[in-house]
Amino acid sequence: MDMPTDMPRAHEDYASLVQDDRVHTSLYKDPAIFDEEMERIFKNTWVWVAHASEVPGKNTFKKSFVGKQPVIVTRDKEEKIHVLLNRCRHRAATVCEKKAGKTSVFVCPYHGWSYNLDGKLRSVPHASVYGEGFDKDEFPLVSLRTEQYNGMIFATFRDDIEPLEDFLGSAKKWIDLFMKQGAGYPVKTLGEHQFRFPGNWKIQLENTTDAYHFPIVHKTFLDSLDAETGNVFDVLGRGGWVEDLGHGHSVMVMMPELVDLEENLEAPIPERFADLAEELRGEGYSDHEVRRIVRAVGGGGFNLNLFPNVACSMAFFRVLRPVSVDETEIRHIAIGMDGGPEAGNRMRMRLHEHFQGPMGFGSPDDAEGWERVQRGSAAGDDLWILVNRGQAPIIGHAAGDHVTDVSAETGMRAAYQEWKRMMSA
Amino acid sequence: MSTTEMTRSDLAAITLEEASAFIWHEAELLDRQDYKAWLPLFTPDGLYVIPIEREAEDRAGELNIAYDDAEMRAMRVKRLKSGFSISSAPSARTVRTTSRFVLEEAPDGGVLVRCAQMLVEYKFERTRVIGADVTYHLVRTGEGLRMARKEILLLNSDDPLWGIGYLF
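Residues numbered from 1 in each chain as written. Chains lettered and ligands numbered in written order. Predicted model: local features only at pLDDT ≥ 70, side-chain atom pairs only at ≥ 80, totals over all residues.

### Some details on the overall build of chain A
We count it as follows: Strands are runs of DSSP state E lasting at least 2 residues, helices are runs of H or I lasting at least 4, and numbering of each runs from the N terminus. Every C-beta atom is placed from the backbone, and the number of other C-beta atoms within 10 Å of a residue's own sets its class: buried at 20 or more, exposed at 12 or fewer, partly exposed in between. Note that contacts rest on C-beta atoms placed from the backbone: two residues are in contact if these are within 7 Å.
For chain A, the helix and strand inventory stands at 14 helices and 20 strands. Overall, the C-alpha framework of chain A stretches about 75 × 65 × 35 Å when taken along its three principal axes. Across the 425 residues in chain A, those meeting the buried criterion constitute 47%. Of all intrachain contacts in chain A linking residues separated by at least 6 positions in sequence, the fraction that spans at least 24 positions is 65%.

Spelled out as structure tokens, the structure:
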């Protein structure tokens, strides 16, 4: 007889499903494991909810999620950021169904309870019927612990875990490098592509640290580039590397020359940016500014994968949201320069559209590949998913003695070891 | 055809009958995925736009699902027909109908046609329906009607879609 899937597993069972070089297929398809992940991972760590520019001023908000729970990210009238559960404390109705905007109050549409942007319950219609013992202070919107680093806003259900900066650890350096795409201006979001695929969230998590697939899955994207740009996107052939950053985070450097966008400013401007450079010069930007902006517009050369739900991926934020064991939602958030030249931001959007989103030259093929993984995992209940590629460090690499080949599955192993730690804690 | 006649025919108003015949022909080409025949239906500076934002302000200044000039369209068609894109080899099958035509004169010549499109796609034993408001800017040329712009506002443009390996 099969074990009922809703039977809680012992913690050591989860540990046995992740080995150093492989993970068990049930991680993609067992609904009971998915439910436990929502509890043990998404309610026990820092989860990315927004970029600071998405709540750009006083009394602004945007909707988001922490795991499966809908939240509202707000900036109150004192400019303090809050992450609030999107649930009226009376009878649970959502208090906000607008994606983002500006307001000073959330009014529940059902019975009219109203809340400030810091979550405080402001007023209750016909309150006297509750009697004298009713205290509004007892029923604010539930507020999660919220911290931010360099514009990245995270929330957690846990008051007793490490501060965000400790959680990010050595990933912070890479976040700082990533934000150089502002070219000296603050980074702001420029819109987002959203799509779903019928597959487990960890398939997408793996993909952000998978250079091995790039020349295969993205052949048609590569074929659409000019020779100079195609050479830049030869991701397996440029001496890149993958590095485990701890806490399940990892970085995959595909274009080492594009790690620090403030270096090599004297290098020739690539042909595809010649028109942009000309336009910027015409607008009166100095040669140094033009070079800095053009280099930033081209995007970064690495994917920083932050466990469990966000990546700083070359030139955009890649956010995943687990919907069910075999359904995942992805957002590709474009970024640009807040206050920078419009021509630069327009070019960034066109470059983003070229690869990303439901009809980009890259994302649909990724999504098809991920769906094929989920479909294939229906076969072979006892088989394992291999993540054993490139375990030995590269000898004598400039980035250090611990780094592995750019196509190594080091980032996946790092994420799965964190999964194992959290699922068996 | 003389130059004088050309000019006269350029200026003749585009009728509903002509516009709907053009749009149905285009729809049939797209369902058959005869993209090579579809490309010349645009003017050389024509735009193919699939927006995200519901309210049109400045599509060029916004992120879109697609914002294609002639070069991008040609590259897109090459990609979809190459056989190397797993999402389009094969793509979902599609059947679309277009109706509810409303014509008005375009300020800079030709006509704007606003219409409704219902598209059904099928792949992996899964059927999906997508509605869209489509706006054509049609102009008359020596070769017949051409699209100066086609903008497809999907009903769910600002919510999650999925990998799409065909053209709207």
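### A closer look at the overall build of chain B
Going by this rule: What the globule rule says is 2.2 Å times the number of residues to the power 0.38, and the radius of gyration is computed from C-alpha atoms.
When helices and strands are tallied, chain B shows four helices and six strands. Start at the N end of chain B and walk to the C end: the helices and strands fall as α-α-α-β-β-α-β-β-β-β. Against the globule reference of 15 Å for 168 residues, chain B gives a C-alpha radius of gyration of 16 Å, in line with a compact fold. Of all 168 residues assigned to chain B, the portion counted as buried reaches 31%. Long-range contacts, defined here as pairs at least 24 residues apart, represent 58% of the contacts in chain B between residues at least 6 apart.

### Observations concerning the sheet that holds strand 2 (residues 47-51) of chain A
Residues and elements named next belong to chain A. Counted only if it meets this: In this scheme, strands are said to pair when DSSP sees at least two bridges between them. Lines are fitted to the C-alpha atoms to define the axes, a helix being fitted only along its stretch in contact, and any angle between axes, read from their N-to-C directions, falls within 0 to 180 degrees.
Across the sheet, seven strands lie side by side as 2-11-10-5-4-3-6; this open sheet has antiparallel pairing. Looking at strand neighbours, the two that pair on one side only are strand 2 and strand 6 (100-102), the edges of this open sheet. Within this sheet the neighbouring strands show an average axis-to-axis angle of 30 degrees, counted without direction.

### Considering helix 2 (residues 16-31) of chain B
For the record, the criterion: In this scheme, a helix's expected span is set at 1.5 Å multiplied by one less than its residue total.
The end-to-end C-alpha separation of helix 2 of chain B is 22 Å, in line with the 22 Å expected for 16 residues at 1.5 Å each. Gln33(B), located one to two residues past helix 2 of chain B, shows a positive phi value of around 60 degrees.

### Focus on the pairing of strand 3 (residues 93-105) of chain B
Sheet topology places strand 3 of chain B next to strand 4 (residues 111-123) of chain B; 11 bridges connect them, and they run antiparallel. Each residue of the ladder has a partner; that of Glu105(B), found in strand 4 of chain B, is Val111(B).

### Digging into the interface of chain A and chain B
What counts here: Gly is placed with the polar residues, together with every amino acid not listed as nonpolar (Ala, Val, Leu, Ile, Met, Phe, Trp, Tyr, Cys and Pro) or charged (Asp, Glu, Lys and Arg).
On the side of chain B, 24 residues touch chain A, which itself brings 29 residues to the contact. Breaking the side of chain A that touches chain B down by element, the ones donating at least two residues are strand 12 (187-197), helix 8 (219-223), strand 18 (327-337), helix 12 (342-355) and helix 13 (363-376) of chain A. Of all the elements, strand 12 of chain A adds the most residues to the side of chain A that touches chain B, at seven residues. Residues of the side of chain A that touches chain B, tallied by class, amount to 11 nonpolar, nine polar and nine charged.

### Quick look at the UniProt feature "domain: Rieske" (unreviewed entry) in chain A
Condition: UniProt positions are given in the numbering used here, feature names are shortened, and annotations may be inferred rather than shown by experiment.
The sites that UniProt annotates as "domain: Rieske" (unreviewed entry) are residues 46-155 of chain A. Note that residues 46-155 of chain A is 0% helix and 41% strand, and that its end C-alpha atoms are spaced 6 Å apart.

### Observations regarding the environment of Ile175(A)
Residues and elements named next belong to chain A. As for its position among the elements, Ile 175 is in helix 5 (residues 171-178). The partly exposed category is assigned to Ile 175, around which 16 C-beta atoms lie within 10 Å. Beyond its immediate chain neighbours, meaning those up to four positions away, Ile 175 contacts Tyr 149, Asn 150, Met 152, Leu 168, Leu 304 and Cys 312.

### A word on the packing of helix 10 (residues 274-282) of chain A against helix 12 of chain A
All names here are of chain A. The criterion, for reference: Any angle between 65 and 115 degrees counts as roughly perpendicular, while under 35 counts as roughly parallel, over 145 as roughly antiparallel, and the rest as oblique. With the far helix as reference, a near helix turned anticlockwise by less than a right angle produces a left-handed crossing, and one turned clockwise produces a right-handed crossing.
At a minimum axis separation of 9 Å, helix 10 and helix 12 run at an interaxial angle of 160 degrees. The pairing of helix 10 with helix 12 is recorded here as roughly antiparallel in orientation. Between helix 10 and helix 12 lies a crossing whose hand is right-handed. Taken together, the residues of helix 12 that come into contact with helix 10 (itself represented by Leu 276, Glu 279 and Leu 280) are Ala 343, Gly 344 and Met 347. Here the residues of the contact of helix 10 with helix 12 sort into four nonpolar, one polar and one charged.

### As for helix 5 of chain A
All names here are of chain A. What counts here: Directions pointing from the helix axis toward each C-beta atom define the arc.
Every buried residue of helix 5 is accounted for by Ala 171, Trp 174, Leu 177 and Phe 178. The buried residues of helix 5 all sit within an arc of 115 degrees when viewed along its axis, so they share a single face. Structurally, helix 5 contributes buried residues whose contacts are with helix 4 (164-168), strand 13 (241-246), strand 14 (249-253), strand 15 (302-306) and strand 16 (310-313).

### Some points on unusual backbone geometry
With omega at 10 degrees, the peptide bond leading from Phe307(A) into Pro308(A) counts as cis. Considering the arrangement of structural elements, one finds Pro308(A) in the loop between strand 15 and strand 16. For the bond running from Ala89(B) to Pro90(B), omega is 0 degrees, close enough to zero to count as cis. Mapped onto the secondary structure, Pro90(B) falls in the loop between helix 4 (70-81) and strand 3. Phi at His247(A) is positive, roughly 55 degrees, even though this residue is not glycine.

### Brief notes about the nonpolar core
It is characteristic of soluble globular proteins that their nonpolar side chains tend to be buried jointly. Residues and elements named next belong to chain A. Our working definition: Nonpolar cores are identified as sets of buried Ala, Val, Leu, Ile, Met, Phe, Trp, Tyr and Cys residues joined via C-beta atoms within 7 Å.
Core analysis: the largest hydrophobic core is formed by 141 residues, its most contacted members being Val 49, Val 71, Val 73 and Leu 304. The leading source of residues in this core is helix 14 (residues 410-423), at six residues. Apart from residues no more than four positions distant in its own chain, Val 49 is found in contact with Ser 64, Val 66, Val 71, Val 73, Val 83, Ile 153, Phe 154 and Ala 155.

### Focus on the environment of Val406(A)
Residues and elements named next belong to chain A. Within the element layout of this structure, Val 406 appears in the loop between strand 20 (404-405) and helix 14. A residue is classified by how many C-beta atoms lie within 10 Å of it, and Val 406, with 25 of them, is buried. For the pair formed by Val 406 and Asn 150, sequence separation is 256 residues and the distance between their alpha carbons is 26 Å. For Val 406, the residues in contact, after removing those within four places along its chain, are Ala 211, Val 235, Leu 236, Gly 240, Trp 241, Val 242, Met 252, Val 253 and Met 254.

### Points about the pairing of strand 1 (residues 42-51) of chain B
Pairing between strand 1 of chain B and strand 6 (residues 144-154) of chain B: four bridges, direction parallel. Looking at the pairing, Leu47(B) lines up with Arg149(B) of strand 6 of chain B.

### Observations concerning the packing of helix 10 of chain A against helix 11 (residues 287-297) of chain A
All names here are of chain A. In contact at an axis separation of 10 Å, helix 10 and helix 11 are set at 140 degrees when each is read in the N-to-C sense. By the angle between their directions, the pair helix 10 and helix 11 is classed as oblique. For the pair helix 10 and helix 11, the sense of crossing is right-handed. Contacts between helix 10 and helix 11 involve Leu 276, Ala 277, Leu 280 and Arg 281 on the former and, on the latter, Val 290, Ile 293, Val 294 and Val 297. Of the residues contributing to the contact of helix 10 with helix 11, the split by class is seven nonpolar, no polar and one charged.

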